[in-house]
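Spelled out from the first residue to the last, the chains are:
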Amino acid sequence: MQPFRVFNGKVNNKATKVFKGEASGICDWDDIKYPSMLTLNRAMFSNYWIEDEIRLNEDLKQYRHALSEDERYVYNVSTGMLTQLDSVANRFNFLLGYYCTDPSVAANIQLIGAFEGLHARSYQYLTATMLDSNEKKQAFNAPKEIPLLVERNQSIFERIQTYVDDPDSLDKMYDALLAYLVLEGIYFTGTFAYFHSLARSNRMIGSNNMINLIKTDETQHSVFYGELMQILMLENPELNTQERLERSLAFIKACVEKEKTWAEFLFKDIETLSLDEYKDYVEYLTNLVCRNSGMPEPYPDNQELKSKWILTYGSKQGTKADFFQTNVINYSHESGDGFDL
Ligand SMILES: [Fe+2]
Ligand SMILES: [Fe+2]
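Please read these numbers as outputs of a predicted model, since none were measured by experiment. (Residues numbered from 1 in each chain as written. Chains lettered and ligands numbered in written order. Predicted model: local features only at pLDDT ≥ 70, side-chain atom pairs only at ≥ 80, totals over all residues. Heavy atoms only, no water.)

Visitor: Could you clarify how one ought to interpret the packing of aromatic side chains in this entry?
Guide: Each aromatic ring pair is characterised by the separation of its centres together with the angle its planes make. Tallying each qualifying case throughout the model produces 15 aromatic pairs. Ring geometry for Tyr63 and Tyr75: centres 5.5 Å apart, planes at 65°, overall edge-to-face. Here Tyr63, found in helix 2 (residues 57–65), pairs with Tyr75, found in helix 3 (residues 69–98); they are twelve residues apart in sequence, far enough to count as distant. Judged by relative accessible area, Tyr63 falls into the buried class, the value being 0%. (Phe/Tyr/Trp six-rings, centres within 6.5 Å; stacked < 30°, edge-to-face > 60°. Helix = DSSP H or I, 4+ residues; strand = E, 2+ residues; numbered from the N terminus. Buried < 20%, exposed > 50% of the residue type's maximum accessible area, 1.4 Å probe, protein only.)

Visitor: Looking at this model, I keep getting lost on the coordination of the iron ion (ligand 2). Mind explaining?
Guide: Put simply, the ideal angle at a metal is 109.5 degrees for four donors in tetrahedral geometry and 90 or 180 degrees for six donors in octahedral geometry. Donor atoms from the polypeptide that bind the iron ion (ligand 2) are Glu116 (OE), Glu184 (OE), Glu218 (OE) and His221 (ND1), placed at 1.8 to 2.1 Å. Angles of 70 to 147° at the metal separate the four donor atoms of the iron ion (ligand 2), which places the site in the irregular class. Motif for the iron ion (ligand 2), donor spacing along one chain: E-x67-E-x33-E-x2-H. Taken as a pair, the iron ion (ligand 2) and the iron ion (ligand 1) show a spacing of 3.6 Å, with Glu116 coordinating each metal. Of this pair, Glu116 sits in helix 4 (residues 103–130) while His221 sits in helix 8 (residues 205–235), and the two are 105 residues apart along the sequence. Side by side, Glu116 and His221 carry an identical accessibility label, which is buried. (Donors = N, O, S within 2.8 Å, 3.2 Å for Na, K, Ca; no water. Tetrahedral: all angles 85-135°; square planar, octahedral: opposite > 155°, others 65-115°.)

Visitor: So what exactly am I meant to see when it comes to the UniProt feature "transmembrane region" (unreviewed entry) in the protein chain here?
Guide: Here the UniProt feature "transmembrane region" (unreviewed entry) sits at residues 177–195. The span residues 177–195 is 100% helix and 0% strand, and its two end C-alpha atoms sit 27 Å from each other. (UniProt positions renumbered as here; feature names shortened; annotations may be inferred.)

Visitor: What am I meant to see in the coordination of the iron ion (ligand 1) here?
Guide: The coordination sphere of the iron ion (ligand 1) contains the protein donors Asp86 (OD), Glu116 (OE), His119 (ND1) and Glu218 (OE), at a distance range of 1.8 to 2.2 Å. Around the iron ion (ligand 1), the four donor atoms sit at angles spanning 79 to 146°, and that spread fits a shape best called irregular. Each donor residue of the iron ion (ligand 1) lies on the same chain, and together they follow the pattern D-x29-E-x2-H-x98-E. Residue Glu218 is classed as buried on the basis of its relative accessible area of 1%.

Visitor: Can you walk me through helix 7 (residues 170–200) in this structure?
Guide: An α-helical segment advances 3.6 residues per turn. Residues three or four places apart therefore align on the same side. Spanning 31 residues, helix 7 covers 44 Å between terminal C-alpha atoms, matching the ideal 45 Å at 1.5 Å per step. Among the 31 residues that make up helix 7, 28 are buried, leaving the element largely enclosed by the rest of the structure. Capping the start of helix 7 is the job of one residue whose side-chain oxygen sits 3.4 Å from the backbone nitrogen of Asp171: Ser169. Within two residues after helix 7, Asn202 carries a phi angle of roughly 65°, on the positive side. (Expected span 1.5 Å × (residues − 1). Polar contact = N/O pair within 3.5 Å; in protein donor to acceptor, adjacent residues only side chain to side chain.)

Visitor: Just to check I follow, could you spell out the nonpolar core for this structure?
Guide: Side chains of nonpolar character tend, in soluble globular proteins, to be buried together. Counting 98 residues, the largest nonpolar core has Tyr75, Leu96 and Tyr225 as the members making the most contacts within it. Among the elements that line this core, the one with the most residues is helix 7, at 19 residues. Dropping the residues within four chain positions of it, Leu96 is found in contact with Phe19, Ile109, Tyr163, Met173, Leu177, Tyr225 and Leu228. (Core = buried A, V, L, I, M, F, W, Y, C linked by side-chain atoms within 4.5 Å. Contact = heavy atoms within 4.5 Å.)

Visitor: Before we go on, may I ask you to explain the state of the cysteines in this structure?
Guide: According to the stated counting rule, one finds zero disulfides in the structure shown. Cys27 takes part in no disulfide bond, and the closest cysteine sulfur, belonging to Cys100, lies 10 Å away. Unpaired in terms of disulfides, Cys290 finds its nearest cysteine sulfur in Cys255, a separation of 11 Å. Residue Cys290 is classed as buried on the basis of its relative accessible area of 0%. (Disulfide = S-S within 2.5 Å.)

In structure tokens, the structure reads:
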């Protein structure tokens, strides 16, 4: 099995195919098969951030004094679960990049992988700031201990593992990519709504600011992976069959049902987020994932976002501005009067 050639001077810099193709190995961004890869690479790099940008002083107080026990439980389990998904994403991207022939696409996959690593670190920052050791155990053992969560994740991890065990198979790669789209676009992004709902009730604003930085990355990842899925079908027409499309939609719908069942358990005592609006939101996200990757929308009733507040509290406007402002204030304080740059 030959994953990729580091250098082949006899062929073009422009890859013939994204997977199982030929390319010289030289990443010349002016000579790539899919110019949108450069746009995406620039966009992702321009989003660079680190977790220390987010202040959690108020969150620290509110976690202890303004959240109910049920709300704390959901906060803990959600951060542990998100950490698990990001940990898987980090490794999955590594493998996919390794088998990618096109250096520009591989560069994007590797960058996404690196961001997933940063996301896992961000949840560590949230939990290390607020949770005591028992709460941390509750958070990070949740993906192993809560049967509904284990079951929800099982179907996507199984597909990803099947590909990891046989990375030469395009069939298995397709199945893993589909599972990964569910992981990113539905399981991940759906859970963020809980943090938006806390911010809507004027609590845990710092945590929600961090979630929104992560969410901006995830939105780009979804766009990238939707595009990659379409490229995969274009370059490998044998994958592009009606039968596969139907099977894919059935898989996605089954994943959505598992998410709804999980949500019924997780959010049952949460007042800031109703189950009906969460289920509508999950269907809306699923439509987005399908549209991005060239599939028909499975939930025509949820083409529009019904709970507009999710957008209001679920986008990063202001987060960065606050950070820069804070930085400027700190800087002038530290440098003192009369310091001449
Ligand atoms: Fe992530
Ligand atoms: Fe991601």
